[in-house]
Structure formats: structure tokens, C-alpha cells
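An overview of the molecular structure
Here is how the chains run, residue by residue.
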Amino acid sequence: MFVASLKRLRTVAKKLRCPICDAEVPSDSRSLPFCSSRCRTIDLGRWLNEEYTLADARDEEEEAVPLDDEAD
Amino acid sequence: MTEETNKSGNDQTQPEQPQAKPQTTPPPQRKARDEYTEADLQHLSDLEHVRERPSMYIGDTGVRGLHHLVYEVVDNSIDEAMAGYARQISVTINTDGSVTVEDDGRGIPVDKHHGLSEEFGREVSTLEGVMTVLKFGGKFQKGAYVTSGGLHGVGVTVVNFLSEWCEVSVSRDGYVWQQEYARGEPKGPVVRVSPTNKRGTRTTFKPDAQIFQTTVFNYDTLYKRLQELAFLNRGVRIEFKDERTGEGDTFYYERGIIEFVEYLNRASDALHSDVIYLAGETEIPKGDETEIVGYEIAIQYSGEYTENVHSYVNNICTTEGGTHVSGFRSALTRTLNNYGKKENLFKDIVPTGDDFREGLTAVISMRVAHPQFEGQTKTKLGNSEIEGIVNSAVGEFLATYLEEHPKTARAIIAKGVLAAEAREAARKAKALLRERKGALSGGGLPGKLRDCTSREVDKCELYLVEGDSAGGSAEGGRIREYQAILPLRGKIINAYKSREDKVLSNEEVRSMISAIGSGIGEDLDLSKRRYNKIVIMTDADVDGSHIRTLLLTFFYRQMYHLVNAGHVYIAQPPLFRVTHKKKTYYVQTDEEMRRQLLELGLAEAVLETEDGQRIEGETMRELCLALAAMEDSILALERRGISLRDHAQKLNAAGELPVFHVFHGINEYWFANRQELDEFLKEHEHEITAQRPADDAGATNGAATNGQAHEGEVTGGSSIHIVELHEVRTINAQLKELARLGFDLQSLIPQQRTGKQTPRYAVRRGDSSVELEDLRGLPAAIRSMGEKGLTITRFKGLGEMNAEELRETTLDPANRTLRQVTMDDASAADDMFRILMGDKVEPRREFIEKHALEVKNLDI
């Protein structure tokens, strides 16, 4: 199920875009999946700074997703 | 190209122009050198001085000095243009290596100059003065040129002195006037050549090979400078031609340095489309009088990381910067900082001046009456008063600009923040690298790592295990020789509101990097990896999926090649342990468990109906599978508030339940398939005014999934609203299967059965039996019969498994299920990570709304 849902998501975003600056990443970038070493370093800094957080999805549903056929 | 020049005849009167007699000065008395006068002495010493020490005047006698000659001449023409007298300048490299510069300005005056004539004791024209007397020219007179480009004012005189030959023709007052020089000395007086209605000055010179190390002009060097001059002096047209090759170009920029900045950014993505431009003049006191300082500045940020600031004073490129540049810089930093603080755009780090200059492209062009040039190459402006002028002008302008253009302002600030972040991140990364190097040499692997004993990389595995208790079990259950365990908790931090967010702690990130050993990013070296398989082992719940997403994203971003080479895996621990008699086995998923129980229960199960039918064997199996297949769909229908009993009343002749529920005005309609729906819609086409969302999948989804939507829409007059009940398709399909087996829809619905003793349905298996009022409960009854004799444990988390269980299910290569993570998996995790990221609510909301269906199913 994990793979299936990921594959479905994959079709949503096709072009490779730099996770930091959102520029299109050339396929021969030395810093894949980033556009540059600089952006990769920024990303590393964010990991080390504990800036990357994932919100608890259970709270999220109430907060942001009105479309749910099980809502009522 | 020199039709007006007649080298051999310039001391003769042109016969066809009887009025054009030689005028003004007589030729210098070359044969009378013995008449040694004071004037001669002065004159010769100027010439000699320049020729003996050319570097004092033009910097050097190499390529740079050589090209400087052209600039000196062009600068005079630019001055004419900037004073409003000339519109066009042409520069030509001739085939013989000489250069011609021509403008359509006023032309250098050719009449007698009284001061000079008196000084020299003979009739000297202004033209001859300009060409042969140092520090003689308009630039030194008040009122002629406020500021001028010619470097140090030595101008064209020096060009003449350092040329093998030089020739000037001036068109003014209705005639062409001409004078020639050889190594600085006039070859004769100024001669009136021919009538003309044009005006302007044309200078041709050939650099003297006795002076210069090279006399070959470089096309690209001149091209660049002439284009630069055209940018700096907007509206001036400069034509450039190289007769040696036929190459050439015309430079003309109506918007001046704005176009210069756009040109500099032509290969980059601009951060904001408009170039920020300011220009003005400030009067400053200078002794008893005032002087005017003019400034013109154009700014545009690009996506680049370098600073690209070009500064000029009176068209001279100040490569070493100076007071104008420092004034500009400090104003820029101050103003952006103030804005960022005021708008609360800085997080932890406040960008420095350097940060704000990343991606900055700017042109600063100053007009200063008396520039002082300092520095090694004399290209640094030293006038201290300029700093404050530029600083306050830029500060004032930019503050207003930022207020009025918040979008641009935010983009610039964001760029600076990113630069600051990069600086900080680079510092941290360096520290990490140092730490790692120390770790490698000192054998200091992370404290939480339970390493394996073998160093045979190809056999070694690292399990990243969620939770400390699971980590403990894994440590006990692992194959010590080849399997290492690193427990990860996924630190919980309290984000805004009361929400709890998951994050990989700094320590965990560092532990992983140092345990894996391959390094990260561009420096990743797969040969240094310490394990062949990195196995992510997390629970099957939301927390587990979050940690898995974080880990996959981290590997994808920072250890791309590790993922790409197929070294990352996901462990798939089972959800159930089943014990039958003394045999124990594991089942991965809910579906699989249900399927197995059904199969087990079906063995020897018999269904008896009230009218005496016995269903068994293969028929029984098919019946149960059909019923099981519609279990979830019936529940889904009921969750919409539609009971099966109600819906059954709308069964059509073909034995189908309606899939489409249509609200039209105050009426409701039901249709079993799209064909019927389309017929209805066609029929009512003229009445239908509103949306018809059932036509594309996305809209259908939106309409069908919103339980409340129809109530609101019913009142909408003749508007139409369609709800599609997807799950009914499955029910219909299975109803066909039931019909084939001899059962109808009513068999699924409890019936009023007064006065009957026998149960409607009974299931018998061995000595157990269950009575049923309808067939919906049949699969569940069979499954529960299948459970007989089994002990089923459902694991809630890895922590519930003991060491042996964990070993048997997840660690032992013989039994475990590992999924190799593909690049697609990893980049999909990255996509999802971007959506779910805690600190960016807006894009997440947008995404979720756009792809509600996908996200709903994101139960990874």
C-alpha cells in the first residue's frame, strides 16, 4: 500500500525541482537532487537545526481537509 | 574612408574652392630651429615628456595603454554627446591598424586662439592647441563641461603625441578643416578643405610602434568598453566597426544603465522583473562655490550567488570601488535590514551585508566634478563627501521603494535570509565534517549504535529502528555478526498550537551519518560505506510512517547515491502472529489475515436456508467471496446515510442499484448507469443552468464525497447537482454474482418473518452452527469459525515483539520481508515530505485540496 500511494503521488510532480530554491534541477547536477552544493548545504543545515518537522496527520485532518467522505 | 583627407595636398589651396585659402596659423618654422624661443621650449618639453614617460599619462605602454588611446578620443565625443551637442559616435579600426573616431558634435573650434597665439608668438588655432598643448581644453574652463569623462584631462593631446601619425578633420561653420601631425608635431597649419553642411570632429590616429609594445587593437576589448559607454550614456549611439574583419555592432540604449543591468542579468533568472532605478543630483559646497554631484543607480537581484556591482565615476570604471560603492553598500544593508525587521521576516539569523549582496546586480554611475582616484590602479574613488551623498540618496529611495513594492521587497529579503542560512549551514557542515574525521580516526562511533562484529561490508546491515524498546528487542534478536542496530526515536517537539511535530534530532542525524560512514552530498563515497543494507524499521502507524518519511527524505537528499545504488531498504514486519497447535506463523496485513481466516472457515462449512437449500463446496466458497467483496462497499454506502434497505427499493429491472443521485430543482432522480444519466441530462439540457460536475473524475469526486453538498444545492431552482455513489458499482457487480448463485438483494436485508420457527439462514461447520437473519453476516461468521483453534496476536508496534519474534519476523534473512527503496519511492517520499512539512501550512493545504484522493490514501 505504501508503494502504491507513493507512486500515485509521484505522478503529481514530474519535473525535478530543487527542494530548497525550487529551481529546475539539471539531470547532471553534481548535487542531486539539489541544483547546487549550496542548496544541499542549506538543507543539511536545516536537518541539523531540527527545522524539518512533520505535523501529526491526525490533527491535520480536522485542521485542513474538508474533503472527506467519512466526515459525517 | 578618408575622402576628405588629402595628405599630400593639405598645404595647398583647393582650386575648386577659391575661398578656402589656408587660414589661421602658418606652419611651424621647422627649418628655423635655431630660432630657439621660449614658446618652442615649452611646447617641445610637453611632447618630449609625454613620449618619454607615457605611463604617467596612459598607465602603461602595453595593451591596456594602447586601448586607452581610443578611450581618450571617444571620451571627448561622449562629452559632446552628454552636453547635448552630439548624438552619434562611430569608432572604426582601419585596415592599416589606425583608428578613426568620429562624432556629429560641434567640432573643435578652428579659429585663432588669442591666449595661445600670444603665448607662442604666432597664430595658433584652438584645434592645434587641443592637439598639441597639454592641459588645454574645454574641460578646464568653468561652464563648458561640468563633469567630463576624459581621464585626468590629458585627452586627445596625449593620443596625438603617442601616435606615429594623426589627422583631425573638423566640420563646422560650413567647411571641413584639417590638420595632420607626425609624432605630435603639426605637419602644417589647419587647412580649410571643402564646404560641408555637416558638423563634427573626426580623428584618425596610428599608435606609434616606437612607444607601444603592441599596436594591434583588440576587437573584444574595444567592443566591451564601447558598449559600456553606450550603457552609461543613454541615448548616445555608438557605431563600432572593425575594417580588418568586417565585424561590427551598434550600441544604443534608450534606458541606459537599466538596460545595462538587464544585460548583466541576461543569463540569470531575475528575482524581480523591474529594475530598481534612481537618479539625482546633490549640490555640495566647494570653497566659496558649489559643485554638483550626479548619481544614477540601477539594481536588480538575480538567482545567482555572487555580487555583480559595476561602478563608474565620469564613465571611468572604478574597479576598486571607493566611497560611492561603500555608501551604496551600507545604505542597502541598512535599508533591507530595517525593512526585514519591521516586517518580521527574519527567523533566527539576521542576514549580513554580504548576505544581502548575494545575487545583487547593480550599476552605479557617478558624475563628480573633481574625482580623486586612489588605489593601486587609480580606480578607487577617494572623495569622502560622496559616501554620505550616495548613502542617504539610496537609503531614502530604497526605503520608499520597498514599502511600495512589497512583493519585490520580500523576494529580496528571502534571498538574503537564504544566503545567511547557507553561510550558517556551511559553518555547521564544516564542524560536522571535522567531527566525523575525528570520529573516524578515534573510532568514535555513535554511542547508541550497536555495531556488528564483522567488517565484511557486503554482508553487513544497519537497522534503523524506531523506538527504544524495539531497539532493545532488535539488539537482542539480531544476528550479531552482521547486523547493527541504531535506535531512533523521532524526537517530538511542540510546534505552534498544541500540535506535536516529529523531527529527527540533530544527534540522530549525526549518528546516522557517522554510522553509515559514506559521507554525504557531493563527497559521498560509496566505497566507504560500512554496511551493504540500510534497513528502515518502523511501525505501521502514523508515527512510524512519519519517521519513515523523514528518513527516506533525508537519505534521498543527503545520500542520494546510497539510495540510487539500492542500499536502502524498508523492513516490513508482520501485523499478526498466528499459532495453530504448536505451529507459529506471521501474517503481514489485515487483508491477508481476513483472506486466510475465510479460507480456513470455509472448509466443511455448509449454509442452510429456510426453504431447505444446502450450499456447500465450491458454490459456498464463491458465495462467501462475493459477499466478502461487497462488505466494505455496503459500509461505505451506509456511511453516506443511505441504508441498504432504502436503496434496495430503487433496484431497476436489470437488478442494478442506482449509482447516480441527481438533484434537479426540488426533484430527485436516481440512475443506475451513466447512459441513463446522460439521457436525462440531454432531455433537460435547456433547463439546466448550473454545474454538471459528474463529467470529470476530479469534480465527481468532489461532489460525491461531500455529504452535505446536496442539501445546499437542492434549493437552487433549476440548477442540477449530481452525486455519484462509487461503491454501488462494486455492490452491483457482486449482486450479479449472487444472482448467478441463486440469491437476490433481499437475502442481504433482514425480513419481517412472523411465526416462523426455523432460522432464515444457518451456517454449520463441524459441531458449531450460527443462525443468520441475512447473508451480510456470512463472511464474518465464516471467519470467526476459521479462527477456531488458532491463537491470533495483532502487533500494535515493533515494541510488542520480543527479541525472538523480532528476529524471526524482521531480522532473519530467511523469513523477513525487505523492500528495496527505489529512486521513485524516495523522491515520492520527498514530495510527500514537502507537503506534510510542519512549517509550511499553505502549500500543504493547497496540495491536499488539489489531490484530496491521493492524500486520503497516504497510509504509508
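What you see is a predicted model; the values in this text were computed from it and never measured.

1. Overview of the sheet that holds strand E18 (residues 483–488) of chain B
All names here are of chain B. The mixed open sheet is built from five strands, whose spatial order is E18-E17-E21-E22-E33. Strands at the two margins of the open sheet, each flanked by one partner only, are E18 and strand E33 (818–820). When strand polarity is set aside, the average angle formed by the axes of neighbouring strands in this sheet is 25°. For strand E22 (residues 568–571) and E33, the ladder comprises three bridges, and the chain directions are antiparallel. Within the sheet, the bridge partner assigned to Ile570 lies in E33 and is Arg819. Contacts between helix H13 (residues 468–477) and the sheet are confined to strand E17 (461–466), E18 and strand E21 (533–537), with E18 contributing the most and set at about 170° to the helix.

2. Observations concerning the pattern of salt bridges
Summed over all chains, the structure comprises 51 salt bridges over all chains. Of the charged contacts, one joins Arg17(A) and Glu24(A) as a salt bridge, the two residues approaching to 3.8 Å between their closest N and O atoms. According to the relative accessible area criterion, Arg17(A) is partly exposed, its value standing at 30%. The exposure class of Glu24(A) is partly exposed, given its relative accessible area of 47%. Here Arg244(B) makes a salt bridge to Asp242(B), at a shortest N to O gap of 2.9 Å. A relative accessible area of 32% means that Arg244(B) is categorised as partly exposed. Owing to a relative accessible area of 1%, Asp242(B) belongs among the buried residues under this scheme. One salt-bridge network, in which partners are shared between bridges, spans Asp43(A), Arg557(B), Asp830(B) and Arg834(B).

3. Observations regarding the environment of Leu681(B)
Residue and element names in this part refer to chain B. Along the chain, Leu681 falls in helix H20 (residues 674–683). Judged by its relative accessible area of 4%, Leu681 falls in the buried class. Leu681 sits 19 residues away from Val662 along the chain, and the two C-alpha atoms are 9.8 Å apart.

4. Details of the packing of helix H3 (residues 63–82) of chain B against helix H7 (residues 219–232) of chain B
Residue and element names in this part refer to chain B. Taken N-terminus to C-terminus, the directions of H3 and H7 make an angle of 25°; their axes are 11 Å apart at the nearest point. Viewed along their axes, H3 and H7 adopt a mutual orientation that is roughly parallel. Remark: the crossing between H3 and H7 carries right-handed chirality. Every residue of H7 that contacts H3 at His67, Val70, Tyr71, Val74, Asp75 and Ile78 is listed here: Thr221, Leu222, Arg225, Leu226 and Leu229. Tallied by class, the residues present in the contact of H3 with H7 amount to seven nonpolar, two polar and two charged.

5. Focus: the nonpolar core
One finds Val70(B), Val91(B), Leu127(B), Phe205(B) and Ile238(B) to be the most contacted residues of the largest nonpolar core, which totals 66 residues. Ranked by the residues each element gives to this core, the list is headed by H3(B), at eight residues. In this view, Phe205(B) contacts Leu69(B), Val70(B), Val73(B), Ser98(B), Val99(B), Val159(B), Ser163(B), Trp165(B), Cys166(B) and Phe217(B); residues no more than four positions away in its chain are not counted. In this structure, Leu48(A), Ala429(B), Tyr531(B) and Phe554(B) belong to the second largest nonpolar core, which totals 55 residues.

6. Quick word on the confidence of the model for chain B
All names here are of chain B. Of all residues in chain B, 84% attain a pLDDT of 70 or more, and the chain-wide mean is 83. Low pLDDT, under 50, characterises residues 690–717; the stretch is placed with 43 contacts to residues that sit more than four places away or in other chains. Low pLDDT (under 50) marks residues 838–860, which in the prediction has 47 contacts with non-local residues, meaning those over four places away or in another chain. Quick note on the complex model: pTM equals 0.58, ipTM equals 0.74.

7. Focus: unusual backbone geometry
A cis amide bond, omega 0°, links Leu32(A) with the succeeding residue Pro33(A). Among the structural elements, Pro33(A) can be located in the loop between helix H1 (2–10) and helix H2 (37–48). Here the phi dihedral of Asn315(B) falls at roughly 75°; this positive angle occurs in a residue that is not glycine. Considering the arrangement of structural elements, one finds Asn315(B) in the loop between strand E12 (308–313) and strand E13 (316–317). According to the relative accessible area criterion, Asn315(B) is buried, its value standing at 1%. Residues other than glycine seldom take positive phi values, yet Glu604(B) does so here, at roughly 70°. In this structure, Glu604(B) sits in the loop between helix H17 (590–602) and strand E25 (606–609).

8. A short note on the packing of helix H18 (residues 617–639) of chain B against helix H23 (residues 726–740) of chain B
All names here are of chain B. Axis separation between H18 and H23 bottoms out at 9 Å; the angle between their running directions is 155°. With respect to each other, H18 and H23 are oriented roughly antiparallel. Along this stretch, H18 crosses H23, giving a crossing that reads as left-handed. Facing H18, whose interface residues are Glu622, Leu623, Ala626, Leu627, Ala629, Met630, Ser633, Ile634, Ala636 and Leu637, H23 presents Glu727, Val728, Thr730, Ile731, Gln734, Leu735, Glu737, Leu738 and Arg740. For the contact of H18 with H23, a count of residues per class yields 12 nonpolar, three polar and four charged.

9. Observations regarding the sheet that holds strand E27 (residues 660–664) of chain B
All names here are of chain B. Across the sheet, three strands lie side by side as E28-E27-E29; this open sheet has antiparallel pairing. Two strands close off the open sheet at either side, each with one partner strand: strand E28 (667–671) and strand E29 (720–724). The sheet shows a mean angle of 20° between the axes of neighbouring strands, direction not considered. The pairing of E27 with E29 spans five bridges and is antiparallel. Each bridged residue has a counterpart across the sheet, and for Phe663 the counterpart in E29 is His721.

About the cut-offs
Throughout this document, residue positions are counted from 1 along each chain, in the order its sequence is written. For naming, the first written chain is A and the first written ligand is 1, with later ones following in the order written. The predicted nature of this model means local features are confined to residues of pLDDT at least 70 and side-chain atom pairs, given and counted, to a pLDDT of 80 or more, with totals for whole chains, interfaces and linings taken over all residues. No hydrogens and no water enter the side-chain calculation; it runs on all heavy atoms of the structure. Strands are treated as partners if at least two bridges between them are detected by DSSP. Here a helix means four or more residues in a row that DSSP labels H or I, a strand means two or more in a row labelled E, and each is numbered from the N terminus. Between N-to-C directions, angles span 0 to 180 degrees; the directions come from axes that are lines fitted to C-alpha atoms, helices contributing only their stretch in contact. Note on contacts: a residue pair is in contact if any heavy atoms of the two residues lie within 4.5 Å. In what follows, salt bridge is the name for a side-chain nitrogen of Lys or Arg lying within 4 Å of a carboxyl oxygen of Asp or Glu. Only protein chains enter the accessibility calculation, which uses a 1.4 Å probe; a residue whose area is less than 20% of its type maximum is buried, one above 50% is exposed, and one in between is partly exposed. Here the word oblique covers every angle except those under 35 degrees (roughly parallel), over 145 (roughly antiparallel) and from 65 to 115 (roughly perpendicular). What makes a crossing left-handed is the near helix being turned counterclockwise from the far one by less than a right angle; a clockwise turn instead makes it right-handed. Three classes are used, and their members are as follows: Ala, Val, Leu, Ile, Met, Phe, Trp, Tyr, Cys and Pro are nonpolar, Asp, Glu, Lys and Arg are charged, and the others, Gly among them, are polar. The set of buried Ala, Val, Leu, Ile, Met, Phe, Trp, Tyr and Cys residues whose side-chain atoms join them within 4.5 Å is what this entry labels a nonpolar core. The predictor reports its confidence for every residue as pLDDT, a score running from 0 up to 100.

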